[in-house]
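These are the residues of each chain, in order.
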Amino acid sequence: MPRFAERLAGWRESLAELERWLLPAACLLCDAPVAGREGDALVCSLCRARWRPVVGPLCHRCGQPAFGDLECRICAAWPPGLTSVRSAVWLEPSARRAVHFLKYEGWWRVAEAMAEAMRTLEPLTGQVSLIPVPLGARRARDRGYNQSERIGAELGRRTGLPIRRELLRRVRETRTQTALTPEARQANLTGAFGCHGAAGMALVLVDDVFTTGATLVAAAAALTAAGAARVEAVTFARAMEPVG
Ligand SMILES: [Zn+2]
Ligand SMILES: [Zn+2]
């Protein structure tokens, strides 16, 4: 018996779909009409084309733009485990709105446009299995679905890579990370993930936004401790633009 919040999220989703069906097709992000050939795409091709890709040269590990031989400010202090992270686009206003619609407005099919932008990211080119970053039980219940799972499912559909969501779970509810410093984020996440059955596997974590990488680092540590041979990660967007 699904709890009330889950059903509510389900209804919200159905209503959003109904609204979509009743109204002439318009892009969720810019309100421009969506061309017939784009079918039932929620995000028009122009908005997708305007998403600004994260391009190199990148830090080989965290995927942030690299500046010559300068030590990377994002990943220099990361513990071993997570070997590489790549993101598709910068979290500029349009991409940020897409993430907002996916996470908070019930428009889970936005994940299709996101996965499309992510499908050629380097970690996805190997023989790997995908692991969406799990939400805590309470947050998953409030939201009705896990946005990372939606993105993972669309990535799986496009790449043919298997999804192994059962390998990783949140064992502890964590505070919202937004207002925390990088050090506090790390402490907040220690022991947050539990994992079993990952021995010898090559895995790619899937998440919506890369900010400091703390969540991915903690998840990768749990997977590595459970025997994973290699852990990488991909995200749709990347939050921090380097200065200078
Ligand atoms: Zn648009
Ligand atoms: Zn780095």
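Reading the values: the criteria
Residues numbered from 1 in each chain as written. Chains lettered and ligands numbered in written order. Predicted model: local features only at pLDDT ≥ 70, side-chain atom pairs only at ≥ 80, totals over all residues. Heavy atoms only, no water. Buried < 20%, exposed > 50% of the residue type's maximum accessible area, 1.4 Å probe, protein only. Helix = DSSP H or I, 4+ residues; strand = E, 2+ residues; numbered from the N terminus. Pairing = 2+ DSSP bridges. Right-handed = clockwise from strand over helix to strand, strands pointing away. Donors = N, O, S within 2.8 Å, 3.2 Å for Na, K, Ca; no water. Tetrahedral: all angles 85-135°; square planar, octahedral: opposite > 155°, others 65-115°. Axes fitted to C-alpha atoms, helices over the stretch in contact; angles between N-to-C directions. Contact = heavy atoms within 4.5 Å. Salt bridge = Lys/Arg side-chain N within 4 Å of Asp/Glu carboxyl O. Expected span 1.5 Å × (residues − 1).

Asks: Can you help me understand the pairing of strand β5 (residues 202-210) in this one?
Replies: Every regular strand shows the same layout, with side chains that alternate between the two sheet faces. In terms of burial, β5 is largely enclosed, as 8 of its 9 residues are buried. Where strand β2 (residues 129-132) lies against β5, 4 bridges are found, and the strand directions are parallel. Within the sheet, the bridge partner assigned to Ile131 lies in β5 and is Leu205. Here β5 pairs with strand β6 (residues 230-238) via 8 bridges, running parallel. Its bridge partner lying in β6, Val204 is registered against Glu232. As a crossover connection, the stretch from β5 through helix α8 (residues 214-225) into β6 is right-handed.

Asks: Teacher, can you tell me more about the coordination of the zinc ion (ligand 1) here?
Replies: Ideal geometry at a metal centre gives angles of 109.5 degrees when four donors are arranged tetrahedrally and 90 or 180 degrees when six donors are arranged octahedrally. Distances from the zinc ion (ligand 1) to its protein donors, Cys27 (SG), Cys30 (SG), Cys44 (SG) and Cys47 (SG), fall within 2.3 to 2.4 Å. Around the zinc ion (ligand 1) sit 4 donor atoms, and with donor-metal-donor angles ranging over 106 to 113° the site reads as tetrahedral. Between the donor residues of the zinc ion (ligand 1), the gaps in sequence give the motif C-x2-C-x13-C-x2-C. Pair noted here: Cys30 is in the loop between α1 (4-22) and α2 (45-50) and Cys47 is in helix α2, with a separation of 17 residues, a long-range link.

Asks: Mind showing me how you'd approach the sheet that holds β5 here?
Replies: The strands making up a sheet associate through hydrogen bonds between their backbones, and the pairing can be parallel or antiparallel. Taken together, 4 strands build an open sheet; the order of strands is β1-β6-β5-β2 and the sheet is parallel. Each end of this open sheet is capped by a strand with a single partner; those strands are β1 (82-90) and β2. Averaged over all pairs of adjacent strands, the angle between strand axes in this sheet comes to 25°, irrespective of strand direction. The strands touched by helix α3 (residues 93-104) are β1, β5 and β6; relative to β5, the strand with the most contacts, the crossing angle is about 105°. In this fold helix α4 (residues 110-118) packs onto β1, β5 and β6, with an angle of close to 120° to the strand it touches most, β6.

Asks: Teacher, can you tell me more about the pattern of salt bridges here?
Replies: Side-chain pairs of opposite charge can arise where the charged atoms are in close proximity. Inspection of the entire model under this criterion finds 10 salt bridges. For Arg119, the salt bridge goes to Glu116, with nearest N and O atoms at 3.1 Å. Residue classification places Arg119 among the partly exposed residues on the basis of a relative accessible area of 35%. Relative accessible area serves as the criterion here: at 33%, Glu116 is assigned to the partly exposed category. Measuring nitrogen to oxygen at the nearest pair gives 2.6 Å for the salt bridge that ties Arg158 to Glu116. Placement of the pair is Arg158 in helix α6 (residues 147-159) and Glu116 in helix α4, with a sequence separation of 42 residues. What makes Arg158 partly exposed here is its relative accessible area of 24%. It is possible to trace a salt-bridge network through shared partners that takes in Glu116, Arg119, Glu154, Arg157 and Arg158.

Asks: Help me understand the coordination of the zinc ion (ligand 2), please; the structure alone is not making it clear to me.
Replies: Looking at the metal site, the zinc ion (ligand 2) is ligated by Cys59 (SG), Cys62 (SG), Cys72 (SG) and Cys75 (SG), spaced 2.3 Å from it. The coordination sphere of the zinc ion (ligand 2) comprises 4 donor atoms, whose angles at the metal cover 99 to 117°; the geometry is tetrahedral.

Asks: Any chance you could explain α4 here in plain terms?
Replies: Think of an α-helix as 3.6 residues a turn; residues three or four steps apart then line up on the same face. Turning to α4, its buried residues number three or more, namely Val110, Ala111, Ala113, Met114, Ala115 and Met118. Looking at the packing, one finds that the buried side of α4 touches α2, β1, α3, α6, β5 and β6.

Asks: Got a minute to help me understand α3 in this structure?
Replies: For α3, spanning 12 residues, the distance from its first C-alpha to its last is 16 Å, which sits close to the expected 16 Å at 1.5 Å a residue. All of the buried residues along α3 are Ala95, Ala98, Val99, Phe101, Leu102 and Lys103. One or two residues past the end of α3 sits Gly106, with phi positive at roughly 80°.

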